[in-house]
Amino acid sequence: MAGEWIDTTLGEVLTFQRGFDLPETQRKPGAYPVIASTGPVGTHQEAMVKGPGVVIGRSGSLGGGQYIEGDFWPLNTTLWVKDFKGNDRRFCYYLIKSLDLAQFNAGSGVPTLNRNHIHPLPLSVPTHVPEQRAIAHILGTLDDKIELNRRMNETLEEMARALFKSWFVDFDPVRAKMDGRDTGLPNELAALFSDGFENSEIGEVPKGWAERTITDLAEIVGGSTPSTTEPAYWNGGTYHWVTPKDLSRLSVPVLLTTERTISELGLAQIGSGLLEKGTILLSSRAPIGYLAVTEVPTAINQGFIAMKHREGVSNLFLLFWASTAAKEIVSRANGSTFLEISKANFRPIPVVAPPAILMKAFDFHVRPLYERIVLCEREARGLENVRDTLLPKLISGQVRVRAQRGADGD
């Protein structure tokens with residue numbers, strides 16, 4: 001059943017309270033999350049608020065919304081809901097997420113939110129709590145599935161990373177064969193690994209493996225930014241054009257789309273042109289180290305080193321190599337304002353390259369994990385779009401939902 005909606009104010013629906021001081025030096029890792037304006041920043045042995053609760057950014061990052069299932073400690077850079085006034089807590093979370101609270105910035109320097117400025121905000125809400133729960137259930141189910149996909153991807157990526165480390169960093173199968181131990185691998189796979197090491201200019205490497213440079217395994221190219229004052233380079237653009245900002249938002253190293261696009265004229269201004277799907281991108285500055293595999297053809301700006309894998313080389317090998325070689329890459333960077341790794345300094349980085357047949361075997365085992373990651377990420381993006389479309393319609397009452405009557409008739 002659906003009930004009445006009333007015009008009211010945010011302060012009549014809930015009451016915000018400023019968070020609590022807890023300097024890092026006084027935190028003792030424990031069971032309770034410490035919540036800052038941007039999200040969890042650690043744990044502590046003591047909680048200040050009983051969960052589930054809702055937190056928004058008060059200083060630095062404003063508004064947003066975090067739903068915390070258990071007890072927690074909200075820092076003083078946040079506002080937390082002290083009193084839900086009988087309303088459904090998760091409904092209140094989505095209600096807050098639908099509001100543009102950043103417009104109430106009261107800080108002259110650091111963005112700041114004053115609870116007394118947002119409590120009078122007018123809005124409309126359903127008075128029937130079961131209807132609030134029904135709205136929260138729809139949106140929460142979408143968020144739960146998105147979170148499930150995220151956790152699944154974390155596990156899949158960790159599995160692939162662990163295999164790379166075991167085979168190509170720790171050389172576990174080689175060491176096992178050298179010691180006469182079982183490698184734990186099928187015989188035909190174990191046979192691809194040597195049974196000892198030999199000296200090289202970069203130290204001991206498995207017998208039969210080669211010391212290469214990264215440019216032996218991939219063509220290294222950079223990108224650029226067409227003049228932003230020339231509309232013809234940007235207006236109506238249909239070609240993806242990626243910046244490190246796009247990669248900073250990724251939860252997995254998979255690039256499905258870009259924030260900006262460029263026109264054919266704009267693309268012609270970039271020497272490296274449109275990079276094929278499967279290219280490995282590494283942010284080369286501010287900061288160094290964002291990684292992604294392109295799942296769409298894309299052009300790149302000057303903040304990247306792109307690795308176009310050569311024939312017989314697995315792009316996934318390059319992806320995990322770049323991740324494990326992060327310290328080596330950064331050590332070759334320079335710059336007075338911010339560190340940057342140039343293509344000239346990147347190309348000579350040594351790589352211990354396995355025989356082609358072993359790299360192919362690695363790709364064979366890891367490719368299904370990667371493809372599953374891409375699938376989960378595509379599904380999550382689709383669910384996010386559905387949620388973001390439904391959120392304002394459900395919260396405003398534009399789309400009504402029928403709440404199920406409970407056993408108590410509520």
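In what follows, the structure referred to is the one given above.
Residues numbered from 1 in each chain as written. Predicted model: local features only at pLDDT ≥ 70, side-chain atom pairs only at ≥ 80, totals over all residues. Heavy atoms only, no water.

### Side note on the pairing of strand 17 (residues 280–284)
And then number 1: Counting buried residues in strand 17 gives 5 out of 5 residues, a clear majority hidden from the surface.
And then number 2: The alternating pattern of strand 17 places I280, L282 and S284 on one face and L281 and S283 on the opposite face, and all of these are buried.
And then number 3: Relative to strand 18 (residues 288–294), strand 17 runs antiparallel, the two sharing 4 bridges. Of the residues in strand 18, the one forming a bridge with L281 is A292.
And then number 4: Between strand 17 and strand 18, which pair antiparallel and follow one another directly, the connecting turn spans 3 residues, one of which, A286, has a positive phi of 45°.
And then number 5: Of the pairings in the sheet, the one linking strand 17 to strand 20 (residues 304–309) comprises 4 bridges and is antiparallel in character. In the sheet register, L281 faces strand 20, and the bridge partner there is A306. (Buried < 20%, exposed > 50% of the residue type's maximum accessible area, 1.4 Å probe, protein only. Helix = DSSP H or I, 4+ residues; strand = E, 2+ residues; numbered from the N terminus. Pairing = 2+ DSSP bridges.)

### Quick word on unusual backbone geometry
And then number 1: The amide bond that connects G51 to the next residue, P52, takes the cis arrangement and shows omega of -5°.
And then number 2: Mapped onto the secondary structure, P52 falls in the loop between strand 4 (39–44) and strand 5 (53–57).
And then number 3: The phi torsion at K85 lies on the positive side, around 55°, for a residue other than glycine.
And then number 4: With respect to the secondary-structure elements, K85 resides in the loop between strand 8 (78–83) and helix 2 (89–97).
And then number 5: Taking the relative accessible area as the measure of exposure, K85 reaches 36% and is therefore partly exposed.

### Concerning the layout of surface pockets
And then number 1: Of the voids in this model, the largest pocket is the one considered here, and its volume is about 740 Å³.
And then number 2: In terms of lining residues, the largest pocket is bounded by 21 residues, among which D143, I146, E147, R150 and R387 are the most central.
And then number 3: Of all the secondary structure elements, the ones that give two or more residues to the lining of the largest pocket are helix 2, helix 4 (129–169) and helix 13 (356–396).
And then number 4: For the lining of the largest pocket, the residue count by class is 6 nonpolar, 3 polar and 12 charged.
And then number 5: In this structure, the second largest pocket spans a volume of roughly 340 Å³. (1 Å grid on protein atoms, 1.4 Å probe; cavity = no way out; pocket = protein on both sides within 12 Å on 5 of 7 lines; lining within 4 Å. Points joined across faces, edges and corners; volume = space filled by probe spheres on them. Nonpolar A, V, L, I, M, F, W, Y, C, P; charged D, E, K, R; others polar.)

This is a description of form; function is not addressed.
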